[in-house]
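# Coordinate analysis (summary)
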Amino acid sequence: MVETQEQLEEVLRRCPDVKLLFDTGHLAVAGGDVAYIAEKYADRIAAYHLKGWQTSDTPDAAKWQERGHFCGLAQGDFFIDNEAVVKTALKNGFDGWIFIEHDTHERDPLVDLKESLTVLKSWM
């Protein structure tokens, strides 16, 4: 199980040939620094998986999955520095896949995805 920044960095240290599908939402919600990871491990990132986070009515729940849900870019109330991640990737010459994930939709999914794509393009 890899959820925290410490766990992620330990895996990358122990497995120097492994590439990372960098999920910014999961790392940020677990207390990690997404901008730091994007910069430090730029050469190890195979693809980016971006999303936002919306806190629930039970932000202190024992399980992190009950503290909120993932949502579109710039739609949540929890700051995830996806913009810094994207800009770092481009600065370092990344030309692979950048995925936008929406786990939950409170309106038409196509509206959410279009809004997230507009946000992503504004960072490029």
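As shown above, the structure is provided for reference.
Below is a summary of the structure that appears in this document. (Residues numbered from 1 in each chain as written. Predicted model: local features only at pLDDT ≥ 70, side-chain atom pairs only at ≥ 80, totals over all residues. Heavy atoms only, no water.)

The full count for this structure, using the stated rule, is four aromatic pairs. Relative to Phe94, the ring of Tyr48 lies with its centre 4.8 Å away and its plane at 85°, an arrangement referred to as edge-to-face. Taken together, the residues Tyr48 in strand E2 (residues 45–50) and Phe94 in the loop between helix H4 (82–91) and strand E5 (97–100) connect sequence positions 46 residues apart. For the pair formed by Tyr48 and Phe94, the shared burial category is buried. Look at Trp53 and Phe70: their rings are 4.9 Å apart centre to centre, the planes differ by 70°, and that puts the pair in the edge-to-face class. Here Phe70 lies in strand E4 (residues 68–71) and Trp53 lies in strand E3 (residues 52–55), a separation of 17 residues in the sequence. Each member of the pair Trp53 and Phe70 is classed as buried. An aromatic cluster of three or more residues is present, and its members are Phe22, Tyr48 and Phe94. Sitting over the face of the ring of Phe70, Lys51 holds its NZ or CZ atom 4.2 Å from the ring centroid. (Phe/Tyr/Trp six-rings, centres within 6.5 Å; stacked < 30°, edge-to-face > 60°. Helix = DSSP H or I, 4+ residues; strand = E, 2+ residues; numbered from the N terminus. Buried < 20%, exposed > 50% of the residue type's maximum accessible area, 1.4 Å probe, protein only. Lys NZ or Arg CZ within 6 Å of the ring centre and 35° of its normal.)

This next bit is on a nonpolar patch on the surface. On the surface, Leu21, Trp97 and Phe99 cluster together to form a nonpolar patch covering roughly 360 Å² of accessible area. Structurally, Trp97 can be placed in strand E5. (Patch = residues over 30% accessible without salt bridge, like charges linked within 9 Å, V, L, I, M, F, W, Y side chains within 5 Å. Areas by Shrake-Rupley, 256 points an atom, 1.4 Å probe, with all protein chains shown as cover. Salt bridge = Lys/Arg side-chain N within 4 Å of Asp/Glu carboxyl O.)

Looking at where Lys40 falls in the secondary structure, it is placed in helix H3 (residues 34–40). For the pair Lys40 and Cys71, spaced 31 residues apart in sequence, the C-alpha separation works out to 26 Å. Of note is the side chain of Lys40, whose polar atom sits 3.2 Å from the side chain of Glu9. (Polar contact = N/O pair within 3.5 Å; in protein donor to acceptor, adjacent residues only side chain to side chain.)

On to helix H1 (residues 5–14), then. Gln5, Leu8, Glu9 and Leu12 are the residues of H1 that are buried. Taken around the axis of H1, the buried residues stretch over an arc of 95°, which confines them to a single face. Projecting away from the buried face of H1 at angles above 90 degrees are the exposed residues Glu6 and Arg14. Of the surrounding secondary structure, the elements contacted by the buried residues of H1 are strand E1 (20–23), helix H2 (24–29) and H3. (Arc of directions from axis to C-beta. Contact = heavy atoms within 4.5 Å.)

What follows covers the side chain of Lys51. Note that Lys51 resides in the loop between E2 and E3. Side chain to side chain, Lys51 and Glu101 meet in a polar contact 2.8 Å long. The residues contacting Lys51, other than those within four sequence positions of it, are Asp23, Thr24, Gly25, His26, Phe70, Cys71, Leu73, Ile80, Asn82, Glu101 and Asp103.

Okay, the nonpolar core next. Among the nonpolar cores identified, the biggest contains 27 residues, and Phe22, Tyr48 and Leu50 are the most heavily contacted of them. Setting aside its immediate chain neighbours within four residues, Tyr48 contacts Leu21, Phe22, Val85, Ala89, Phe94, Trp97, Ile98 and Phe99. (Core = buried A, V, L, I, M, F, W, Y, C linked by side-chain atoms within 4.5 Å.)

The subject of this paragraph is the side chain of Glu101. Mapped onto the secondary structure, Glu101 falls in the loop between E5 and helix H5 (109–123). By relative accessible area, which is 17% here, Glu101 ends up buried. Within the structure, Glu101 has its side chain in polar contact with the side chain of His49 (distance 2.5 Å).

The analysis is restricted to geometry; functional conclusions fall outside its scope.
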